[in-house]
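As a plain string of letters, each chain reads:
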Amino acid sequence: MKSDLNDSELLRSMLAGDEEALTVLYRRRQGAVYRFALQMSGSKTVAEDVTQEVFLFLMRDGHVFDPAKGSVSAFLLGVARNYVLRRMRVEQQLMPLGDDVDDDVPVLHASNDLCPLEDLTRAETIESVRRAVLSLPSKYREVVVLCELQDISYGETAEILGCAIGTVRSRLHRARALLLAKLRPAAEAEDADSATVKSARCFA
Amino acid sequence: MNQKFENDEEMLTRGLQALASEMKDLEAPEHVEIKLLEAFRARKVVVPISTRRWTSRPYWLAAVAAVLLIAMSVVALRWRSAEKPAESFAGRREPETPKVNQPREETPQLVEYQAVIQPPLRYNPKRNRHPRSRSSENAQVASLRPSEIATDFIPLRYMNVANLQEGGQIVRVEVPRSALANFGLPVNMDRYNERVKADVLYGVDGLAHAIRFVK
């Protein structure tokens, strides 16, 4: 069974011409690549293109993968990162800044466990966080996407980005500070609104 | 202040976790996989052929070019070395020469001088004066062209026998008949301007060590 093989073995088989190995490897790793590209670019189109490019690269130049340097998934995310950054450099319009967010963002699914009001609040929070993440400079955005959203360890993130773990930590610290700075005004405005409502109720 | 910072951090963490959980099930559309598999199949058919072509073509070309170059060099070398004797013997079909060691049919004027025929080359004035009293090996050399009559080899002044131990080459040339006089041989003054055939013995050092005249 191909699904029992690890990523490196699948990659070897794929490079030897095994289509099933490619299918298994793709289905195992495409989600992470796609989500990374989507969270980095905010565009489904870019995410699809990047996912395709990454696996085409793997088919063409998969022999450059060195197991001693890291896992296949880290290798794929590293390739995806390069493609995303390249796309963002070439097509500046694909990098939404501030409120100018791409329209084809993923639809956020409401949880059935929450009441409609809480659900709406949660959706708003997620949307504001998503916008804040997309507005970060790319070097901070990628550490947030990898460490916070993809839940990848600092060590593996350092492998993907090709930098030291300390750099990852410091960038993540800085990125969180930037995110807080972006999210705080919205939160304060929300608090102010609720305070106004409360005072209105008091005066009523 | 510190409390507020912790609350903000907690809020941010919750927001990021919520965003991550919202997006955790997102996957690439199915058509991406279909396109990839199509590309993989196309590549499986096409790429190995193109790869083989690109990687092996230079080697084949280099090999063919090298073989052609070597062949042309050999032909040119032989043609060049055989050109003069061939021209001098134009119109005359030389009889087949008996095989000594390694006959060269394509260049009958150029005869390998092997170790087998070395003894006669040791200079012996007496034998030079009596060409008929050759040893059997010398007779082999002499009988290269049975219809011809040749003098014995006459050593040139810088002849060194040591240079002939490893063999040499006999090269058929044409020299002015007056050259006979230089070696103390009689010259027919009526045919003074004609040329006479001679075999020059070259050693491995590339120098001419002896000469004989052929009629």
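Residues numbered from 1 in each chain as written. Chains lettered and ligands numbered in written order. Predicted model: local features only at pLDDT ≥ 70, side-chain atom pairs only at ≥ 80, totals over all residues. Heavy atoms only, no water.

1. Quick word on the overall build of chain B
So the rule is basically this: Helical segments are the DSSP runs of H or I of at least four residues, strand segments are the runs of E of at least two, and each set is numbered from the N terminus. Categorising residues by exposure relies on relative accessible area from a 1.4 Å probe, with only protein chains included: less than 20% of the type maximum marks a residue as buried, more than 50% marks it as exposed, and the intermediate range marks it as partly exposed. Whether two residues are in contact is decided by their heavy atoms: any pair within 4.5 Å suffices. Surface accessibility follows the Shrake-Rupley procedure with a 1.4 Å probe radius. Residue values consider only the protein chains on display as shielding.
The secondary structure content of chain B amounts to 5 helices and 5 strands. Secondary structure of chain B in N-to-C order comes out as α-α-β-α-α-β-β-α-β-β. The buried share among the 215 residues of chain B stands at 30%. For chain B, contacts bridging at least 24 residues in sequence account for 66% of all contacts bridging at least 6. Surface summary for chain B: the accessible area is close to 14400 Å², and the carbon and sulfur share equals 57%.

2. Some words on the pattern of salt bridges
Heads up, the rule is: One speaks of a salt bridge when a side-chain nitrogen belonging to Lys or Arg is within 4 Å of a carboxyl oxygen belonging to Asp or Glu.
Within the structure shown, the criterion is met by 16 salt bridges over all chains. In this structure, Arg27(A) and Glu33(B) form a salt bridge, with 2.7 Å as the shortest nitrogen-oxygen distance. One end of the pair, Arg27(A), is in helix H2 (residues 19-41); the other, Glu33(B), is in helix H2 (residues 30-88), on a second chain. Using a relative accessible area of 54% as the deciding quantity, one classes Arg27(A) as exposed. For Glu33(B), a relative accessible area of 13% puts it in the buried group. Glu142(A) serves as the salt-bridge partner of Arg171(A), at 3.9 Å between the closest nitrogen and oxygen. Placement of the pair is Arg171(A) in helix H8 (residues 165-203) and Glu142(A) in helix H6 (residues 138-149), with a sequence separation of 29 residues. On the accessibility criterion, Glu142(A) (2% relative accessible area) is buried. One salt-bridge network, held together by shared partners, links Asp7(A), Arg28(A) and Arg29(A).

3. Regarding unusual backbone geometry
Located in the positive-phi region is Asp151(A), a residue other than glycine, with phi close to 60 degrees. Structurally, Asp151(A) is set in the loop between H6 and helix H7 (154-161).

4. Remarks on the confidence of the model for chain B
Residue and element names in this part refer to chain B. Applicable threshold: The predictor's confidence in any single residue is recorded as pLDDT, a number from 0 to 100.
Predicted confidence across chain B gives a mean pLDDT of 69, with 58% of residues reaching 70 or more. Here strand E1 (residues 110-113) is the element of chain B with the lowest mean pLDDT, 42, and strand E4 (residues 195-203) is the one with the highest, 86. Within the model, pLDDT remains below 50 along residues 46-55, and this stretch shows 4 contacts once partners closer than five positions in the same chain are excluded. For residues 88-143, every residue scores under 50 in pLDDT, and the model assigns this stretch 85 contacts once sequence neighbours within four places are set aside. For this predicted complex, the interface score ipTM comes out at 0.76, while the overall pTM is 0.53.

5. Here's the deal with the packing of aromatic side chains
Geometry of an aromatic ring pair is reported as the spacing of the ring centres plus the angle between the planes. Residues and elements named next belong to chain A. We apply this condition: Stacked, tilted and edge-to-face are the three classes applied to pairs of Phe, Tyr and Trp rings, where Trp contributes its six-membered ring and a pair requires centres within 6.5 Å; stacked means planes under 30 degrees apart, edge-to-face means over 60, and tilted covers the rest.
This model, assessed by the stated rule, comprises 4 aromatic pairs over all chains. Ring plane angle 40 degrees and centroid distance 6.2 Å describe the contact between Phe57 and Phe75, whose orientation is recorded as tilted. On the criterion of sequence distance, the pair formed by Phe57 in helix H3 (residues 44-61) and Phe75 in helix H4 (residues 72-90) is long-range, its members being 18 residues apart. Side by side, Phe57 and Phe75 carry an identical accessibility label, which is buried.

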